[in-house]
Amino acid sequence: MNIHEYQAKELFRHYKVPVPAGSVAFTVEEAVVAARELGVYPVVIKAQVHAGGRGKAGGVRLVNSESEVLQAAEEILGRTIVTKQTGPVGKKVGKVLIEQGQNIARELYLSILPDRASAQIMIIASLAGGMDIEDVAASMPEKIIKAMVNPLIGLQPFHQRQLLFGLDLDKTIARDFSSLLTRLYQLFTEKDCTMLEINPLVITGENQLVALDAKIDIDSSALYRHQDIVDWRDEAEEDPLEVEAARAGLNYINLDGNIGNMVNGAGLAMATMDLIKKAGAEPANFLDVGGGANAEMVAEGFRIILSDPKVKGILINIFGGILRCDVLAEGVVQAARKSGVTVPVVIRMEGTNVEKGRRMLADSGLNLITAVDLADAAVKIAEIAKS
Amino acid sequence: MAIFIDKNTRILVQGITGREGQFHTGQCREYGSTVVAGVTPGKGGQDADGVPVFNSVTKAVSTTGANCSLIFVPPPFAADAIMEAADAGVPLIITITEGIPAMDMLKIKNFLALTDSRLIGPNCPGIISPGQCKAGIMPGSIHLPGPIGVVSRSGTLTYEVVHQLTRQGIGQSTCLGIGGDPVIGTSFIDCLTAFENDPETRGVVMVGEIGGTAEEEAADFVANPMNKPVVGFIAGLTAPPGRRMGHAGAIVSGGSSVSGGAAAKIAAMQKCGIHVCEDLGNLGRFCKMIFNQAISEPR
């Protein structure tokens, strides 16, 4: 689960990680008040959306007076920000973070994330703060310092020294840097983060460390033990169809293509999307109804796909194991009767109770196209894509 | 022969009295698997459809000689269940549970490294050696005993692959899902090593997906070299960067350099001599062509 920068900074404050003074504003008036409360210029206004690259997209402004705050807030609030991470549709800005400007002497980079292969918690630091870390890794790999922490022993002083000496930081800041690492590691593990990134982490002219930016992702599987973070969920940042699907317990992602699809199991769902592409069309979504879906969930999934105006045809691909084919058929018939089927639907199913399921579809009187296997389904989708 | 489980496997089910645990214990027994014990703390002394239930894994193992644990415990308690099984010395721990926090898995993986236990999963369909033993949730009926090993990060996609193999008359030695989570117990390389060393296995189908670099590492291992032919398939060519595709581990990381993408995995596998099939609809026929020689050669 993604959280906003201002929320990540709230976590930082809670763990005593230094961040600039500031607060979030939802309206222009609130932005002006927030700036007034800071009392000193320059002030930084930052668009709060779930995407990186906001600066380049015009979502971050440095201003020097109240009239500039007013102007910048008016321009940023409500506008749509398009970055590499938002995709071409972009994200509408509903709130801005108003922060005190900092006297920046140096910019560092710091991130923490789990390393899948080694099952260690990896801390990455670099002197090339402010840059995209992937670019640094590609062009100046020697500038990247890593420490691998075994989660059974946790962060130790030697890890801190690896980073400290690796970055060749000044002695006067060593103690602050070590305690910063300790607090961030604690936050990372206690709050079940899957990613924590500070870019840049600055050293100010007063020789203070300050987290100028903050990006945190929380493990969705661990949300049951973090109700405080669940409350931060911002549905305005998500696709409305995805929010609807999530409420029904479905795993749905809205995509750009025009062939909708409904599949049981994530791997098979991805492979089915690939099959659609190979047949000369583009998938309109990813939808995994899961192994234990009931007829209602299938019906809801079908309804969500049908409500997407892009969809010109649908492929249903079910390999019945736990989810039986007759249950699937019941759900499809239910949904088709209720919402009406306006586009061609190809159904391929296999596995438990397949004969019963096929019979139910045939007896329904609905205009559904049956595919005998996946190769056949691909041919039938290609025909729809061409027409 | 087969890998990891065979007709001598004695299964203990952790979470046997839950809905999933109960249902799948029945399915495994129907297939012919030997289920000797169940564990549900607080329900020791009861029986679940004739299987004795114990309060602890240690007690279940010492009483019944179980050598494999199948875990259906819900996510908040699954990490504890895995560690309990390892602590009791169970050599093979298969975890079906989906949704175990990554932080828990990081600790478990490091803890297991200190024990002799092998973990398969979590978030996986389990493992089956057709005709011998089923310790998982896959439909038993689609399998056929034979010479090809199947290893996959997915559930239903594995069933699809196995179904196509069976329809081509190609049987399987062992089929297993290693799980769709970012941190898992048993890797592709562990399974490829076991298949390479299993005299009954003549070839392997490896089913990967986007996210991480496990497929690339496995490809290096195949080139290292493995003597048996390997067919590969990768799901997720059309997955957009930065989105988690159902499985916790299935994500192509965004940013300026994309990593974990399907195209890179396919290229790495092809470079290392893996026969990559890019058309799932024809995977069975593709395998028949590739494995034909390996299957028909006299031993």
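Residues numbered from 1 in each chain as written. Chains lettered and ligands numbered in written order. Predicted model: local features only at pLDDT ≥ 70, side-chain atom pairs only at ≥ 80, totals over all residues. Heavy atoms only, no water.

K.L.:
Give me the overall build of chain A: which residues, what numbers.
P.N.:
The helix and strand inventory of chain A stands at 13 helices and 18 strands. For chain A, the spread of C-alpha atoms along the three principal axes comes to 80 × 50 × 40 Å. For chain A, the proportion of contacts with a sequence separation of at least 24, taken over those separated by at least 6, is 67%. About 16,400 Å² of surface is accessible on chain A, with carbon and sulfur atoms providing 51% of the total. Of the charged side chains in chain A, 40 are positive and 50 negative; the average position of the first set lies 2 Å away from that of the second. (Helix = DSSP H or I, 4+ residues; strand = E, 2+ residues; numbered from the N terminus. Contact = heavy atoms within 4.5 Å. Areas by Shrake-Rupley, 256 points an atom, 1.4 Å probe, with all protein chains shown as cover. Lys, Arg positive; Asp, Glu negative; His and termini not counted. Charge placed at Lys NZ, Arg CZ, Asp CG, Glu CD.)

K.L.:
Describe the overall build of chain B, naming the residues involved and giving the relevant values.
P.N.:
When helices and strands are tallied, chain B shows nine helices and 14 strands. Viewed in the frame of its principal axes, chain B has a C-alpha envelope of about 55 × 50 × 30 Å. By residue count, 61% of the 299 residues in chain B fall in the buried class. Long-range contacts, defined as pairs at least 24 residues apart, comprise 73% of the intrachain contacts of chain B with a sequence gap of at least 6. As displayed, chain B offers around 10,800 Å² of accessible surface, 52% of which is attributable to carbon and sulfur atoms. In chain B, the 21 positive side-chain charges and the 25 negative ones have mean positions that sit 3 Å from each other. (Buried < 20%, exposed > 50% of the residue type's maximum accessible area, 1.4 Å probe, protein only.)

K.L.:
Explain the packing of aromatic side chains to me, using residue names and the numbers behind them.
P.N.:
Applying the stated criterion across every chain yields a total of one aromatic pair over all chains. Ring plane angle 65° and centroid distance 6.2 Å describe the contact between A:F319 and B:Y159, whose orientation is recorded as edge-to-face. Taken together, the positions of A:F319 in strand β16 (residues 313-320) and B:Y159 in helix α5 (residues 156-167) put the pair across two chains. In this pair, the class of A:F319 matches that of B:Y159, namely buried. (Phe/Tyr/Trp six-rings, centres within 6.5 Å; stacked < 30°, edge-to-face > 60°.)

K.L.:
Help me get a handle on the interface of chain B and chain A, residues and values and all.
P.N.:
Accessible area lost on assembly of the parts is the figure often given for the size of an interface. Between chain B and chain A, the residue contacts involve 60 residues of the former and 49 residues of the latter. Approximately 4,100 Å² of surface area, both sides summed, lies buried where chain B meets chain A, with 63% of it carried by carbon and sulfur atoms. Run the count over chain B and chain A and you get four salt bridges. Run the count over chain B and chain A and you get 13 residue pairs in polar contact (both at pLDDT 80 or more). Sorting elements by how many residues they give to the side of chain B that touches chain A places helix α4 (residues 102-112) of chain B first, with eight residues. Within the side of chain B that touches chain A, the residues separate by chemical class into 26 nonpolar, 20 polar and 14 charged. (Buried area = accessible area lost by both parts, 1.4 Å probe. Salt bridge = Lys/Arg side-chain N within 4 Å of Asp/Glu carboxyl O. Polar contact = N/O pair within 3.5 Å; in protein donor to acceptor, adjacent residues only side chain to side chain. Nonpolar A, V, L, I, M, F, W, Y, C, P; charged D, E, K, R; others polar.)

K.L.:
Could you give an account of the sheet that holds strand β6 (residues 96-100) of chain A, naming the residues involved and the relevant values?
P.N.:
Residues and elements named next belong to chain A. If you trace the four strands from one edge of the open sheet to the other, you get β1-β6-β2-β3, paired in antiparallel fashion. Two strands lie at the open edges of the sheet, namely β1 (22-25) and β3 (60-63), each paired on one side alone. Each strand of the sheet is rotated relative to its neighbour by a mean of 20°, with strand direction disregarded. Helix α3 (residues 66-76) rests against β2 (43-47), β3 and β6 of the sheet, and its axis sits at about 170° to β3. (Pairing = 2+ DSSP bridges. Axes fitted to C-alpha atoms, helices over the stretch in contact; angles between N-to-C directions.)

K.L.:
How would you summarise the nonpolar core if you had to cite specific residues and measurements?
P.N.:
Core analysis: the biggest nonpolar cluster contains 100 residues, and B:I94, B:V151, B:L176, B:V205, B:M206, B:M245 and B:L280 have the highest contact counts within it. Those residues in contact with B:M245 that lie beyond four places of it in its chain are A:I253, A:A266, A:M270, A:M273, A:F286, B:I210, B:A239, B:P240 and B:A250. Core analysis: the next-biggest nonpolar cluster, separate from the first, contains 72 residues, A:L11, A:I123, A:A214 and B:L106 among them. (Core = buried A, V, L, I, M, F, W, Y, C linked by side-chain atoms within 4.5 Å.)

K.L.:
How would you sum up the domain arrangement of chain A? Please name residues and give values.
P.N.:
Entries for chain A in the domain assignment read domain 1 (1-19 + 102-238), domain 2 (21-101) and domain 3 (239-386). Using only C-alpha atoms to locate each centre, domain 1 of chain A and domain 3 of chain A end up separated by 41 Å. (Domains from an automatic or database assignment.)

K.L.:
Let's hear about the sheet that holds strand β4 (residues 51-54) of chain B: which residues, and what values?
P.N.:
Residue and element names in this part refer to chain B. What the seven strands build is an open sheet, ordered β3-β4-β2-β1-β5-β6-β7; its pairing is mixed. Single-partner strands in this sheet number two, and they are β3 (47-48) and β7 (118-120). Taken strand by strand, helix α3 (residues 75-87) contacts β1 (10-14), β5 (68-71), β6 (92-95) and β7, and its axis lies near 170° from that of β6.

K.L.:
Which residues make up the packing of helix α10 (residues 295-306) of chain A against helix α11 (residues 325-339) of chain A, and what are the values?
P.N.:
All names here are of chain A. Two numbers describe how α10 lies on α11: the axes approach to 7 Å, and their chain directions differ by 45°. Looking at the two axes, α10 sits oblique to α11. You can see that α10 and α11 cross each other, and the crossing is right-handed. Residues A295, E296, V298, A299, F302, R303 and L306 of α10 touch α11, and the partners they reach there are V327, L328, E330, G331, V332, Q334, A335, A336 and S339. (Parallel < 35°, antiparallel > 145°, perpendicular 65-115°, else oblique. Left-handed = near helix turned anticlockwise from the far one by under 90°.)

K.L.:
Could you give an account of the domain arrangement of chain B, with specific residues and numbers?
P.N.:
All names here are of chain B. Here chain B is partitioned into domain 1 (10-120) and domain 2 (138-296). Domain 1 and domain 2 are separated by 26 Å when their C-alpha centres are compared. Domain 1 puts nine residues into the contact, and the matching count from domain 2 is eleven residues. Between domain 1 and domain 2 the total buried area reaches about 860 Å² when both faces are included, carbon and sulfur atoms providing 55% of it. Applying the counting rule to domain 1 against domain 2 returns one salt bridge. R118 is paired through a salt bridge with D190; the nearest N and O atoms lie 3.8 Å apart. Viewed at the interface, domain 2 and domain 1 are joined by four residue pairs in polar contact (both at pLDDT 80 or more). Of all elements in the fold, only α4 and β7 reach the threshold of two or more residues within the side of domain 1 that touches domain 2.

K.L.:
Break down the environment of A:G58 for me, with residues and values.
P.N.:
Tracing the backbone shows A:G58 in the loop between β2 and β3. When neighbours within four sequence positions are excluded, A:G58 is seen to be in contact with A:I76 and A:R79.

K.L.:
Please set out the side chain of B:E196 residue by residue, giving values where relevant.
P.N.:
All names here are of chain B. Secondary-structure assignment places E196 in helix α6 (residues 188-197). Of the buried charged residues, E196 lacks a salt bridge, with K228 as the closest side chain of opposite charge at 5.1 Å. A distance of 2.7 Å separates a polar atom in the side chain of E196 from the backbone nitrogen of N227. Setting aside residues no more than four positions away along its own chain, E196 makes contact with P225, M226, N227 and K228.

K.L.:
Account for the environment of A:G291, naming residues and giving values.
P.N.:
Residues and elements named next belong to chain A. With respect to the helices and strands, the residue G291 is situated in the loop between β15 (285-288) and α10. C-alpha separation for the pair G291 and A266, spaced 25 residues apart in sequence, amounts to 9.7 Å. Residue contacts for G291: discarding those within four places in its chain leaves I322 and L323.

K.L.:
Please set out the pattern of salt bridges residue by residue, giving values where relevant.
P.N.:
Should the charged atoms of two oppositely charged side chains come close, the side chains can pair. Enumeration according to the criterion identifies 34 salt bridges over all chains in this entry. Linking B:R243 and A:E242 is a salt bridge whose minimum nitrogen-to-oxygen distance equals 2.7 Å. With one member in each of two chains, B:R243 in the loop between β13 (230-235) and α8 (262-271) and A:E242 in helix α8 (residues 240-247) form a pair that bridges those chains. Taking the shortest distance from any N to any O, the salt bridge between B:R153 and B:E209 comes out at 3.9 Å. Note that B:R153 is positioned in the loop between β10 (145-152) and α5 and B:E209 in strand β12 (residues 203-209), a separation of 56 residues in sequence. For B:E209, a relative accessible area of 1% puts it in the buried group. A single network of salt bridges, built from pairs that share partners, joins A:E5, A:K9, A:K46, A:R54, A:E99 and A:D213.

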